[in-house]
Amino acid sequence: MREAARQIFQHALAEASIGKGFARHVHCERGVLRICEDLYHLHSYSRVLVLSLGKAGHTMVEALSDQVGASLEGIVASSVQPSTQLHGFRYFRGGHPTPNAESIQAASAMLRALNALPASALVIFLLSGGGSSIVEMPIDDEGSLDDLVATYRALVLSGAPIAEINAVRKHLSAVKGGRLAQAAFPAQQVSLLVSDVPDNTPDALASGPTMSDSTTVEDCYRITEKYELLKQFPKSARELFERHALEETPKSDDPAFQRARWWPVLTNRTAIDEASIGAERAGFIVHVDNSCDDWDYEKAAEYLLQRLRELRKQCSPVCLISGGEVTVKVANGGIGGRNQQFALVCVEKIGGENITVLSAGTDGVDGNSPAAGAVVDGTTLERARTRGLEARAALDTFDAYPFFKSLGDMIETGPTGNNLRDLRILLAY
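Residues numbered from 1 in each chain as written. Predicted model: local features only at pLDDT ≥ 70, side-chain atom pairs only at ≥ 80, totals over all residues. Heavy atoms only, no water.

Caption draft 1: Main features of the pairing of strand β7 (residues 121-128). The element β7 is extensively covered by neighbouring structure, given that 8 of its 8 residues are classed as buried. Of the two faces of β7, the one holding Ala121, Val123, Phe125 and Leu127 and the one holding Leu122, Ile124, Leu126 and Ser128 are both buried throughout. With 7 bridges connecting them, strand β4 (residues 47-53) and β7 associate as parallel partners. Looking at β7, one finds that Leu53 is bridged to Leu127. Here β7 runs beside strand β8 (residues 188-194); their pairing, made up of 7 bridges, is parallel. Directly across from Ser128, in β8, lies its bridge partner Val194. (Buried < 20%, exposed > 50% of the residue type's maximum accessible area, 1.4 Å probe, protein only. Helix = DSSP H or I, 4+ residues; strand = E, 2+ residues; numbered from the N terminus. Pairing = 2+ DSSP bridges.)

Structure, rendered in C-alpha cells:
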C-alpha cells in the first residue's frame with residue numbers, strides 16, 4: 001500500500017500541473033487572449049507587462065508564453081533557479097521561507113515598472129505560493145533585511161495558520177495586501193492564481209498583492225497578542241505594533257480594483273480531484289474530508305485516522321483524501337516539516353494495522369528538509385525499532401527527516417515548480 005499511496009500522489013502531481021491548468025483556462029489566437037471568461041485584445045494596449053511571483057513564477061510564465069508566444073516582457077521572481085530564462089524577462093531569485101536581498105530587489109523592480117504604466121497598459125499578474133517572501137519590501141524604511149527575516153521566522157514558527165500569518169505580513173509590506181495593484185493603477189489588471197491557500201481566502205495567496213485585503217490592522221494586533229509574537233519580533237516591527245502605527249491596506253472600494261480581475265487556474269481542489277481519480281483507478285473507494293485544514297497536526301491525525309477506521313467498516317479497500325495544511329508549532333526543531341511531522345505522529349497510532357498514511361507538499365519541499373513528505377504504514381514502527389530508531393524521540397525533537405531517510409520512506413520529488421498546498425492520502429483494507 002505504500003507504493004499505491006506514492007503512485008496516487010504522483011498521479012495528482014502530474015495531472016494538476018501548471019501546463020495542463022493553463023491549457024484548460026488560457027488560450028490566445030490572433031492577438032486575442034482568453035483567460036477563463038475574459039477576453040483581452042493584446043494589440044489594443046500600449047504595453048503588456050507580465051509580473052510573475054512565487055514558487056511557480058518561472059513555470060507560470062513559460063505556460064503563458066506557450067499560449068501567447070514570445071512577445072511577452074516583464075519580471076519573474078521565484079525561489080527556484082530556472083534551467084532556462086525567457087527572452088524579455090528580468091529574473092530574481094527571492095528567498096523562501098524567509099526573504100533575501102533579491103526579494104527586496106524584485107519588489108523594487110516591480111514597483112518601478114508599475115509606477116510608469118498609463119491607463120492604456122495591461123498588467124498580467126501571475127501569482128503562486130511562496131510569493132510572500134520571494135517578493136518583499138518593508139513598509140517601514142527603518143526595517144533592515146535582518147529585521148525582515150527575524151519577523152518572518154517568528155511568524156512561520158508561531159503555529160498560526162497561513163491566513164493569520166499573511167494578515168500580519170500584508171500590513172508590514174509595501175507590496176502586499178493590494179499594494180501592487182495600487183502601484184499599477186490606472187492600468188488594466190488581471191491576476192492568474194495557482195493557489196496554495198484555502199479556496200475561500202484567495203487574497204491570502206502570496207499575501208494578496210493584487211487583491212483588496214479582507215484583513216485589518218485590528219486583526220494584526222489580535223493575532224500578535226494571540227501567539228505572543230511581539231516579544232519575538234525585532235525592535236523595528238515591535239515598535240510599529242506598540243505604537244499602533246500600522247497603516248491600513250486597500251479595501252474593495254479602492255480605485256485600484258475597478259479595472260482588475262482575478263482567476264484561479266489551479267487550486268488544492270484540483271490536486272484533490274486528481275488524487276481521487278488516481279485512487280479510484282487503483283481500486284479504492286474514495287472519500288474526501290478537508291475539515292481538518294489548518295488544524296494542529298496531532299489533532300488532525302487523530303481525526304483522520306478515526307474517520308478512516310469508520311469508513312473501513314463500511315467498505316474496503318478505502319482511500320481517505322484530505323487537502324490543505326496542518327500546523328506545527330516548532331520548538332528548537334531539527335530537520336523536517338509539517339508533512340513529515342504528520343506522518344511521524346501516525347506511526348505509533350497505526351502500528352500493526354493494515355493502514356498506510358502519506359502526507360506531502362505539492363511544491364516538493366517540506367519545511368527545512370529536501371523531502372516533500374513521507375509515507376508510513378503498520379510496519380513502520382517495527383521496522384524503525386529493528387534499526388534502533390525511536391519514532392517518539394524524532395517526534396519530540398521535530399527531527400522527522402533523518403528518521404524517514406533511514407527507512408527510505410521519504411517522498412522526494414525535488415521542487416515541482418508548482419504549489420497547491422498539501423495532500424494527505426490514507427489507505428486501509
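Caption draft 2: Representation of the pairing of strand β1 (residues 26-29) within the structure. Side chains Val26 and Cys28 of β1 all project onto a buried face; the interleaved residues His27 and Glu29 project onto a face where none is buried. Pairing analysis gives 4 bridges linking β1 to strand β2 (residues 32-35), with the strands arranged antiparallel. Bridge pairing links His27 to Arg34 in β2.

Caption draft 3: Inspection of the packing of helix α1 (residues 2-15) against helix α11 (residues 268-281) at higher detail. Packing of α1 against α11 leaves a shortest axis separation of 8 Å and a crossing angle of 135 degrees. When the axes of α1 and α11 are compared, the pair comes out oblique. For the pair α1 and α11, the crossing hand works out as right-handed. Contacts between α1 and α11 involve Ile8, His11, Ala12 and Glu15 from the first element and Ala271, Glu274, Ala275, Ile277, Gly278, Ala279 and Arg281 from the second. Class assignment for the residues of the contact of α1 with α11 results in 6 nonpolar, 2 polar and 3 charged. (Axes fitted to C-alpha atoms, helices over the stretch in contact; angles between N-to-C directions. Parallel < 35°, antiparallel > 145°, perpendicular 65-115°, else oblique. Left-handed = near helix turned anticlockwise from the far one by under 90°. Contact = heavy atoms within 4.5 Å. Nonpolar A, V, L, I, M, F, W, Y, C, P; charged D, E, K, R; others polar.)

Caption draft 4: Just the nonpolar core, in detail. Of all hydrophobic cores here, the largest spans 54 residues; its most connected members are Phe22, Leu33, Leu64, Ile124, Leu126 and Leu192. Setting aside residues no more than four positions away along its own chain, Leu64 makes contact with Phe22, Val26, Val50, Leu72, Ile124 and Leu126. (Core = buried A, V, L, I, M, F, W, Y, C linked by side-chain atoms within 4.5 Å.)

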